[in-house]
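# Observations on the model geometry
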Amino acid sequence: MSSLNIPNHVGIILDGNGRWATKRGLSRSEGHLAGFNMLKKVSPYILNMGVKQLSVFAFSTENFKRSKEEVGFLMNLFIKKFTEESSYFNEKNIKVVFSGIRNKPLPSNVIKAMNSLEENTKNNTNGILNICINYGGRSEIIDATKKIVNDVVDKKLDINSLDEEIYSKYLYQKLDPIDLLIRTSGENRISNFMLWQLAYSEFYFTDTYFPDFNEEEFDKAIIEYNKRDRRFGGINYEKKNN
Ligand code: FPP
């Protein structure tokens, strides 16, 4: 893997926990727990490889439509893991941040656990793990626009100076564009995930359910990424003439 081009920012839509569990005769909750355990294992591997930012979609604003039991289980899992695993992320030197609306219907004790994990890991330097919870890509753009309008009204921002670089500073987190987006479990859509940051991403879809998406599966995504010809709207003349 050493000679490969490693993406700076990777996004993963964590999908297939439920189907992974059902296939094994387990409950959906057990699937979510297995999903968290895989995230815990694979995220240091990804960040140690040289990826600087890893964004994962853990819970969308629409996921609140799931059964009361499933939403309740996930909220408790978030509280438990964000509290318990703080020392793990510090040991791995990973800075954890969250993107999404930190407000209702997200329970206040989940928000508290998110805030404290962010605070506890804020000085870590071996990459950023951005966990999207109560997140929607369109809402992120609307929220950024509201903040921009406020700053224009307050004369803190000159509307004529607004460009993509300044706009991106108003998003939930100061992150770079996503180079590689991975979605597990065979679904080929982006489901309102980081719409701004995905503008020029390479997409990699795999049938593997997220609880099986281990180091080897990630290597396959990197190998595929290295076959892509990224032109950002231009033309790669070197390749074209060959
Ligand atoms: C997708 O599988 C998973 C979710 C919506 C749940 C959230 C993700 C995790 C529990 C892993 C990360 C955990 C933490 C604490 C950050 P699905 O339920 O949509 O699966 P299905 O499509 O097979 O039903």
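Residues numbered from 1 in each chain as written. Predicted model: local features only at pLDDT ≥ 70, side-chain atom pairs only at ≥ 80, totals over all residues. Heavy atoms only, no water.

### Considerations on the nonpolar core
Going by this rule: The definition of a nonpolar core used throughout is a set of buried Ala, Val, Leu, Ile, Met, Phe, Trp, Tyr and Cys residues joined through side-chain atoms within 4.5 Å. Burial status follows relative accessibility: with a 1.4 Å probe on protein chains alone, a residue under 20% of its type maximum counts as buried, one over 50% as exposed, and anything between as partly exposed.
Ile-12, Phe-82, Ile-133, Ile-182 and Phe-218 are the most contacted members of the largest nonpolar core, which has 43 residues in total. Phe-57, Leu-181, Phe-193 and Leu-198 belong to the second-largest nonpolar core, a separate cluster that totals 13 residues.

### Quick word on the pattern of salt bridges
What counts here: Salt bridges are defined by distance alone: a side-chain nitrogen of Lys or Arg within 4 Å of a carboxyl oxygen of Asp or Glu.
Using the criterion set out here, one finds 20 salt bridges in the structure. For Lys-122, the salt bridge identified is with Glu-119, shortest N-O distance 2.8 Å. Judged by relative accessible area, Lys-122 falls into the partly exposed class, the value being 42%. For Arg-189, the salt bridge identified is with Glu-187, shortest N-O distance 3.2 Å. Assessed through its relative accessible area of 45%, Arg-189 is described here as partly exposed. One connected set of salt bridges, linked through shared partners, spans Asp-15, Arg-19, Arg-183, Glu-187 and Arg-189.

### Brief notes about the site of the ligand
Quick reminder of the rule: Throughout, near means a residue has at least one heavy atom within 4 Å of the molecule or strand. Polar contact is defined as a pair of N or O atoms within 3.5 Å, subject to the rule that within protein one atom must be able to donate a hydrogen and the other to accept it, and that residues adjacent in sequence are counted only when both atoms are side-chain atoms. Runs of H or I in DSSP of at least four residues are treated as helices and runs of E of at least two as strands, each being numbered from the N terminus.
Close to the ligand lie 19 residues; Leu-14, Arg-19, Arg-28, Ala-58 and Arg-66 are nearest. Note that an oxygen atom of the ligand is positioned 3.1 Å from one of the side-chain N or O atoms of Asp-15. In this structure, an oxygen atom belonging to the ligand sits 3.0 Å away from a main-chain N or O atom of Gly-18. Every element with two or more residues in the shell around the ligand is listed here: helix H1 (17-23), helix H2 (28-48) and helix H3 (68-84).

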